[in-house]
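# Report on the structure
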Amino acid sequence: MRSTVWKEALAACADPPRAKRYYESLLRTGAGAELKKASAEQARIVTALFSGSQALSDLLMAHPGWFHAALDVELLRNPRQEQGLRREVNAFLKPALQRGEYTEACRQLREFKQREMLRIAARDLARLGDVTEITREISNVADVCLEGVYQLVAHQMTARLGAPFHQDVEGNWQATGFCVLGMGKLGGQELNYSSDVDVIFVYSEEGHVFKEPPRKKDVAGKGMSNHQFFTRLAKEFIVEVSRMADEGSLFRIDLRLRPEGDSGPLVRSLASYENYYAQWGQSWERMMLIKARCVAGDQPLGAEFLETIQHFRYPRLLGERILREVAATKGRIENEVVKAGEIDRNVKLGRGGIREVEFIAQTLQVLHAGRIPFLQGAQTLPTLANLVRYHLLSREDAEQLRAAYCFLRDVEHRLQMENNLQTHTIPTERKARERLAALMGFEALKDFEAALRQHTQRVRAVYDQMLNAAPETAAEEPLPRDFAAHEVEWKTMLANHSFRDADKAFRLIQIFVKGPGYVHVSPRTVELAMELVPRLLKLCPRRDVATKTEGPWRVLSDPDRVLARLDSFVSAYGARAMLYELWTTNPSLFELLIWLFDRSEFLAETAIRVPDLVDELELSGRLRRSKTAEEIFKDLAYGRADEDQRLWLRRYHQAEFMRIGLRDILGLADFEQNLVELSALADACLAYALDVVIRKHRLKQAPFAIIGLGKLGGSEINYGSDLDITFVADSKTKDLPKLQKLAVEVMDLLSAPTELGVAFATDARLRPDGEKGLIANTLAAYEDYYRQRAQLWEIQAISRARFVAGDVKTGEAFQKLVGKLCNFTKPSAIAAYTPDWKKEIARMRLRIEKERTPAGQNHLAIKTGTGGLIDAEFIAQYLCLAHGWQEPNTLKALQRGRTEKALATADAELLIENYRKLRRVEGILRRWSYAGETVLPDDAAALYRVAVRCGHRTAEEFMQVVGEYRANIRKVYEKVVT
């Protein structure tokens, strides 16, 4: 090392070992001589770059000749202006256009972008520019690059196809303008290092393409239309901007902010945009358009576009419902977009993150900027200052938001520039967090995390104060009240909301609002009903508008059936006015019922039979809490005095099952928690049924232990699952006939049909000798059977055994026996064990796949088919046998396989992730009918409904992802078991 200059710089940087490696490598390049002559200031800048960005350090190593151009101290002291950037690009772009050297010009443009990003990052990491300067510079580079690509593409298109023209009001032909509008951070000139560029495309008028400029007498309607021309232009622009080449790429393009999202046309005329926003524009689109800005193409057209949408994005009057809508959008982001466990680490979308600062500023702009023009503007920080000026935000709040915004954007930049990845999440690894803290200028990680926490908490406090206290408001667009005069309009609207039978839906809507012909409904009830109808329609998938969604698609899968169920429910409830008053006062209750009617036929029928049940659950707050088996048993014990214990069990089960099902439908419990709660209900019901039998026969103690097998044993009870049980008595028990009667009584209490159905279907066929064996037997008899006569599949079955209720001592003894029988690391003397037991398991799985999968429906058989749930279950059971684990829960067994390295980490992750997803599909399928369904429907309409319930737009998309889940599960299965 040449001198103390570099020693001191390396010692002071955030990552000395890495910086030293890059320094020594760069010394051996063409930049070595300049490196040796570096001043202390330049050494500080270079080591800051080496510490802060591996991707850009590698870029410098690949282009040492850029050292002087990108890292000269004098050039870094101040930001480059847009005019200078344009002059540099135009110097090579214009000659290239004249010579037709388009490929070379694009290559130079990509190199220009990479070199400028290197320069900007060096300024940033060396703290020579603040957040506002850095984001503005990145945005200027993007503007220049996008304009360059537009010129190249447009020049090629017109040379090849001609130029687009349109006729003005006087019939004269005019050249048709086209521009690229930047949205989001690009539009606000607030780009990150790895931001997508959000754009939409607009052209001025409809017309046609001409090889030569047309004369007035030339007739329109010949050749390529303007829409076709500009669509091709936009596609070529997208390809060139996104193209990955040896020099890297320019930018990723995001087009989802255009009207109708991915389903909408790629380009639109100015009039088309005006019509769309006037008729279909939503609140999020108002906020999105605040940042709209012309970034390439016809600047006057861009200005005309902004003028056209001005009244939409900055309305003069707008109800405060937008506060509710923004809060709901942010809630969806937190629940559906932010990954589990990242809500407090995602500096953009998490709690108190960048998005909340932006939402605060943009919401206040939408509410007030139509009346206060000085609030209009695309950038966040100037907007905060203006909001203070007009007393819409306190100075203290604004200063806290500004400080937090700058801090979080700084963190975001250091996360992204490291590997040029679009990440916003603080890593979990301590070493990575310590490095991030150092890059942020903190000496200790705890100081950085304290600062982060302080900033996000302050943002969240302001956000909650403004947006999470938003009052309920009426529907945004009133629906026609005169059904007779607007029948066609109503039916069209219902058809557009995915009602298959618009005539029937129209009739049911009329009944909902006005009541059946024999019922007189007050004007107030009509008013309340008309507030509720839009809430129903809002949940229906639109056929006329492609809605932009983030995360799973959450809409009704069958609006016709929901409306019919709603009609039945209102009729069963009776007091229409009271019911509508309840729903409008508690709109969440109304939506809860709508989702219930769409997501579960079984629970819908229960709700209609007992219409007060759902109200009581929601209004009591019981939906918000889970219950253990012990808590459920205590609840059941309140009914010990009931004369008909079978009916009491079913009434309680009905209410509790509704509570658990609604928690699942509403997402108040994740799917694993849902299985736990269903299993707890099953455990408690079994324990209570045994308690009833003990009290009836005045027994001093439980006559046997109830052992759960299968899904019950694994605490994985799903909708419609039977309870696989067996009854084990102490080895000294003599009166076996009496045990049989007692066991049958327990099963009968749960399974006997009544007017309220059954609580749980019980199944004791997994006992020794199956249906021919005793329902209840002694522990000694069980041991003798499993050692002498049991087959391997029966040993597999008891590997999922779990004591559920009854004689604890016997239950524990049975568990110990199972531990010995199912430990193939020390195989005890059991007939079922052979050295090739693993192959036998594989053969058994193959037989199940062939014999229990319906012919021609392997792709629908999510349990027994190739890569189905049984693959994962067999892996879990194999692991337990092979390692002597007593873990009846499939998921926990797989997770233990990952933890203890019995499965390769990558295989375990792949298996667990896809098993959980496929099991969730099974749960959604079973929740509908409360039957043990394991095969997806082969009817197209029914499959579509299942797809929507699983969060997908189409059955094709749904089947594709299900196929991926199964392929991944089978991939691991073949490695482990076969």
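Check the entry above for the structure.
Now for a description of the structure that goes with this document.

Cut-off values and rules
- Residues numbered from 1 in each chain as written.
- Predicted model: local features only at pLDDT ≥ 70, side-chain atom pairs only at ≥ 80, totals over all residues.
- Heavy atoms only, no water.
- Helix = DSSP H or I, 4+ residues; strand = E, 2+ residues; numbered from the N terminus.
- Buried < 20%, exposed > 50% of the residue type's maximum accessible area, 1.4 Å probe, protein only.
- Contact = heavy atoms within 4.5 Å.
- Areas by Shrake-Rupley, 256 points an atom, 1.4 Å probe, with all protein chains shown as cover.
- Lys, Arg positive; Asp, Glu negative; His and termini not counted.
- Charge placed at Lys NZ, Arg CZ, Asp CG, Glu CD.
- Disulfide = S-S within 2.5 Å.
- Salt bridge = Lys/Arg side-chain N within 4 Å of Asp/Glu carboxyl O.
- Pairing = 2+ DSSP bridges.
- Axes fitted to C-alpha atoms, helices over the stretch in contact; angles between N-to-C directions.
- Phe/Tyr/Trp six-rings, centres within 6.5 Å; stacked < 30°, edge-to-face > 60°.
- Lys NZ or Arg CZ within 6 Å of the ring centre and 35° of its normal.
- Polar contact = N/O pair within 3.5 Å; in protein donor to acceptor, adjacent residues only side chain to side chain.
- Parallel < 35°, antiparallel > 145°, perpendicular 65-115°, else oblique.
- Left-handed = near helix turned anticlockwise from the far one by under 90°.
- Core = buried A, V, L, I, M, F, W, Y, C linked by side-chain atoms within 4.5 Å.
- Arc of directions from axis to C-beta.

## Some thoughts on the overall build of the protein chain
Counting its secondary structure elements, the protein chain contains 44 helices and 13 strands. With the principal axes as the frame, the protein chain shows a C-alpha extent of 100 × 85 × 60 Å. The buried share of the protein chain, reckoned over its 978 residues, is 57%. At a minimum sequence separation of 6, the contacts of the protein chain that also span at least 24 residues come to 72%. Approximately 42,000 Å² of the protein chain is accessible, and the part contributed by carbon and sulfur atoms is 50%. Positive and negative side-chain charges in the protein chain, numbering 139 and 133 respectively, have mean positions lying 3 Å apart.

## Regarding the state of the cysteines
Scanning the model with the defined rule gives 0 disulfides in all. Among the cysteines around Cys294, which has no disulfide bond, Cys179 carries the closest sulfur, lying 4.2 Å off. Taking relative accessible area as the criterion, Cys294 reaches 10% and is therefore assigned buried. Of all cysteine sulfurs, the one in Cys880 lies closest to Cys822, which takes part in no disulfide; the gap is 8.6 Å.

## A few points about the pattern of salt bridges
Tallying each qualifying case throughout the model produces 80 salt bridges. A salt bridge links Arg123 to Glu133; the nearest nitrogen and oxygen atoms lie 3.2 Å apart. Within this pair, whereas Arg123 is found in helix H9 (residues 102-125), its partner Glu133 is found in helix H10 (residues 131-161), the two being separated by 10 residues in sequence. Between Arg625 and Glu631 there is a salt bridge; the shortest N-O distance is 3.6 Å. Residue classification places Arg625 among the partly exposed residues on the basis of a relative accessible area of 38%.

## What to know about the sheet that holds strand E5 (residues 208-210)
Taken in spatial order, the 3 strands line up as E2-E1-E5 in an open sheet, and their pairing is antiparallel. The open sheet is flanked by strand E2 (173-175) and E5, the only strands paired with a single partner. Taken over all neighbouring pairs, the strand axes of this sheet differ in orientation by 50 degrees on average, direction set aside. Direction of pairing for strand E1 (residues 163-167) relative to E2: antiparallel, over a ladder of 3 bridges. Opposite Gln167, over in E2, you have Trp173 as the bridge partner.

## What to know about the packing of aromatic side chains
By the definition in use, this model includes 37 aromatic pairs. Three or more aromatic residues link up through ring pairs in this structure, and these residues are Tyr150, Phe178, Phe201, Tyr203, Phe229, Phe230 and Phe237. One cation-aromatic arrangement involves Arg115 over Trp66; the distance from NZ or CZ to the ring centre is 5.6 Å. Stacked on the ring of Trp595, the Lys or Arg Arg554 has its end atom at 4.1 Å from the ring centre.

## A word on the side chain of Ser57
Checked against the element boundaries, Ser57 lands in helix H5 (residues 54-62). By relative accessible area, Ser57 is classed as buried at 0%. Of the polar contacts made by the side chain of Ser57, one reaches the backbone oxygen of Ser53; its length is 2.6 Å. The residues contacting Ser57, other than those within four sequence positions of it, are Tyr22, Leu49 and Phe50.

## Some remarks on the side chain of Asp664
Among the secondary structure elements, Asp664 is positioned in helix H32 (residues 645-665). Relative accessible area serves as the criterion here: at 3%, Asp664 is assigned to the buried category. Once you skip the residues sitting within four places of it in the chain, Asp664 turns out to touch Ala669, Asn674, Tyr719, Arg920 and Arg927.

## Observations regarding helix H43 (residues 940-949)
The element H43 is extensively covered by neighbouring structure, given that 7 of its 10 residues are classed as buried. Along H43, the positions that sit buried rather than exposed are Ala942, Leu943, Arg945, Val946, Ala947, Val948 and Arg949. Where H43 starts, the residue carrying a side-chain oxygen 3.2 Å from the main-chain nitrogen of Ala941 turns out to be Asp939. Following H43 by one or two positions, Gly951 has its phi on the positive side, about 95 degrees.

## Comments concerning the packing of helix H24 (residues 502-514) against helix H26 (residues 559-573)
Between H24 and H26, the shortest axis-to-axis distance is 10 Å and the interhelical angle comes to 30 degrees. As judged from the angle between their axes, H24 and H26 are roughly parallel. In this structure, the crossing between H24 and H26 has a hand that is left-handed. Residues Ala505, Leu508, Ile509, Ile511 and Phe512 of H24 form the contact with H26, whose participating residues are Leu563, Ala564, Leu566, Asp567 and Val570.

## A word on the nonpolar core
Formed by 98 residues in total, the largest nonpolar core has its most connected members in Trp490, Phe512, Trp583, Leu596, Phe704 and Phe727. Broken down by element, the residue count for this core peaks at 13 residues, all from helix H33 (residues 671-696). Excluding anything up to four places from it in sequence, Trp490 contacts Leu479, Pro480, Phe483, Phe506, Ile509, Met530 and Val533. The next biggest cluster of nonpolar side chains, apart from the first, holds 84 residues, and it includes Ala19, Ala38, Leu71 and Phe92.

## What to know about the pairing of strand E3 (residues 178-183)
Counted residue by residue, E3 has 6 buried out of 6 residues, so it is predominantly covered. Burial of E3 is two-sided: the residues Phe178, Val180 and Gly182 facing one way and the residues Cys179, Leu181 and Met183 facing the other way are all buried. Of the pairings in the sheet, the one linking E3 to strand E4 (residues 197-203) comprises 6 bridges and is antiparallel in character. Within the sheet, the bridge partner assigned to Leu181 lies in E4 and is Ile200. Relative to strand E8 (residues 293-297), E3 runs antiparallel, the two being bridged by 4 bridges. Counted as the bridge partner of Leu181 is Cys294 from E8.

## What to know about unusual backbone geometry
Positive phi, close to 55 degrees, is recorded for Gln189, a residue that is not glycine. Position of Gln189 relative to the elements: it lies in the loop between helix H11 (184-187) and E4. On the accessibility criterion, Gln189 (13% relative accessible area) is buried. Look at Arg698: it is not a glycine, yet its phi comes out positive at around 50 degrees. Here Arg698 lies in the loop between H33 and strand E9 (705-708). By relative accessible area, Arg698 is classed as exposed at 77%.

## Some details on the pairing of E4
On any regular strand, side chains alternate: one points to one face of the sheet, the next to the other face. Taking burial as the measure, the 7 residues of E4 include 7 buried ones, the bulk of the element. Covered by surrounding structure in E4 are Val197, Val199, Phe201 and Tyr203 together with Asp198, Ile200 and Val202, the residues of both alternating faces. As paired strands, E4 and strand E6 (residues 253-254) are joined by 2 bridges and run parallel to one another. Bridging across to E6, Val197 finds its partner in Ile253. Taken together, the 3 bridges between E4 and strand E7 (residues 267-269) define a ladder with parallel strand orientation. For Tyr203, the partnering residue across the bridge sits in E7 and is Ser269.

## Digging into the packing of helix H2 (residues 16-27) against helix H4 (residues 40-52)
Packing of H2 against H4 leaves a shortest axis separation of 8 Å and a crossing angle of 115 degrees. The hand of the H2/H4 crossing is right-handed. Contacts between H2 and H4 involve Arg18, Ala19, Tyr22, Tyr23 and Leu26 on the former and, on the latter, Thr47, Phe50, Ser51 and Gly52.

## Digging into H5
When we look at burial in H5, the residues that qualify are Leu56, Ser57, Leu59 and Leu60. Seen end-on, H5 carries its buried residues on one side only, within an arc spanning 155 degrees. Among the structural elements, H2, H4, helix H6 (67-71) and H9 are those in contact with the buried residues of H5. Where H5 begins, the side chain of Ser53 points an oxygen toward the backbone nitrogen of Leu56, at a separation of 3.0 Å.

## Details of the environment of Ala831
Secondary-structure assignment places Ala831 in the loop between helix H38 (808-821) and helix H39 (837-851). Separated by 43 residues in the primary sequence, Ala831 and Gln788 have C-alpha atoms spaced 5.4 Å apart. When residues no more than four places from it in sequence are discounted, the contact partners of Ala831 are Arg787 and Gln788.

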